[in-house]
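Observations on the model geometry
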Amino acid sequence: VGKKDSAITLRFRNDSSIAILRIRTFEKNSLRAMGVPSFKKTIHQYLSVVTSTKSPYLIIDVRDNAGGSPEYASYLISHLLDTSFIYIEKYKTVNRLHWNDSENRLRTQWYPNSGIGTFRSQKSWFRGNLIVLMDGGSTSTAGDFVACLDYYGRATFIGEESGSNRVVSGGNVFESTFELPNTKLRCRMSTIQGINKFDQVNDGHGVLPHYPVAPTPADYMSNRNPMLEKALEIIRNGAL
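Now for a quick tour of the structure. (Residues numbered from 1 in each chain as written. Predicted model: local features only at pLDDT ≥ 70, side-chain atom pairs only at ≥ 80, totals over all residues. Heavy atoms only, no water.)

**Overview of the nonpolar core**
With 43 residues, the main nonpolar core has Ile 8, Leu 21, Ile 23, Leu 80 and Phe 145 as its most contacted residues. Of the residues forming this core, the biggest block, 6 residues, is contributed by helix H4 (residues 141-151). (Core = buried A, V, L, I, M, F, W, Y, C linked by side-chain atoms within 4.5 Å. Buried < 20%, exposed > 50% of the residue type's maximum accessible area, 1.4 Å probe, protein only. Helix = DSSP H or I, 4+ residues; strand = E, 2+ residues; numbered from the N terminus.)

**Brief notes about the pairing of strand E3 (residues 57-61)**
E3 sits mainly inside the fold: 5 of its 5 residues count as buried. Looking at chain direction, strand E2 (residues 18-23) and E3 are connected through 5 bridges and run parallel. Its bridge partner being in E3, Arg 22 is matched across the sheet by Asp 61. (Pairing = 2+ DSSP bridges.)

**Section: the packing of aromatic side chains**
Each aromatic ring pair is summarised here by two numbers: the centre-to-centre distance and the angle between the ring planes. By the definition in use, this model includes 5 aromatic pairs. Measuring from ring centre to ring centre gives 5.6 Å for Phe 85 and Phe 119, while their planes differ by 25°; the resulting arrangement is stacked. Here Phe 119 lies in strand E7 (residues 118-119) and Phe 85 lies in strand E4 (residues 85-86), a separation of 34 residues in the sequence. Taken together, Phe 26, Phe 39, Tyr 72 and Phe 145 form an aromatic cluster joined through their ring pairs. (Phe/Tyr/Trp six-rings, centres within 6.5 Å; stacked < 30°, edge-to-face > 60°.)

Here it is in structure tokens:
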């Protein structure tokens with residue numbers, strides 16, 4: 001379902017027992033440029049197909065997904081959990097008046113449509129086994145997406161460590177640019193900090209895979225997909 005170069009594609013293997021959902025971005029303009037005018041309608045349609053075919057396995061591929069809208073990621077998660085969930089607990093932004101005060105340099109800020117609050121599960125949520133393929137290119141919202149699934153123990157992760165911190169979200173820019181005083185170079189940097197979950201220890205890591213798999217140069221040259229191959233092997237061996 002969906003063209004090969006589309007931002008979101010769904011395909012099945014064998015007797016439709018394994019569904020593979022590829023999501024290349026959560027960013028609205030990029031989605032439209034890659035043939036997906038409505039993320040929510042597409043996800044609802046595709047997940048409805050998966051549930052109607054009673055596929056016991058769903059593989060979601062967010063490798064090289066650089067993020068986008070938290071609203072889209074939380075909507076997708078609502079199709080994967082059987083309970084209400086928290087996506088982002090709080091956002092803070094930099095307060096310039098206290099740049100050298102670690103306690104006061106961040107102030108709580110409310111950002112609508114940024115994934116704050118409690119979200120309900122969809123009635124037609126996917127009840128089967130969930131596998132997520134990820135790598136260092138799974139950043140920003142994609143990193144928060146896998147972090148949320150990891151927190152709720154919903155998925156088996158295959159690939160490489162995600163590219164975003166699993167506890168503290170970053171990458172949002174509140175102010176457009178600023179100028180360095182000496183070189184006059186204009187820069188952009190993250191000025192918004194999202195707290196994914198307060199009850200986790202921040203060890204500086206992203207989500208770590210249950211099954212580490214790193215593609216080699218030979219894999220790229222031969223067009224092999226070792227992460228997907230590992231997922232299919234695990235399913236064949238009944239290791240989930």
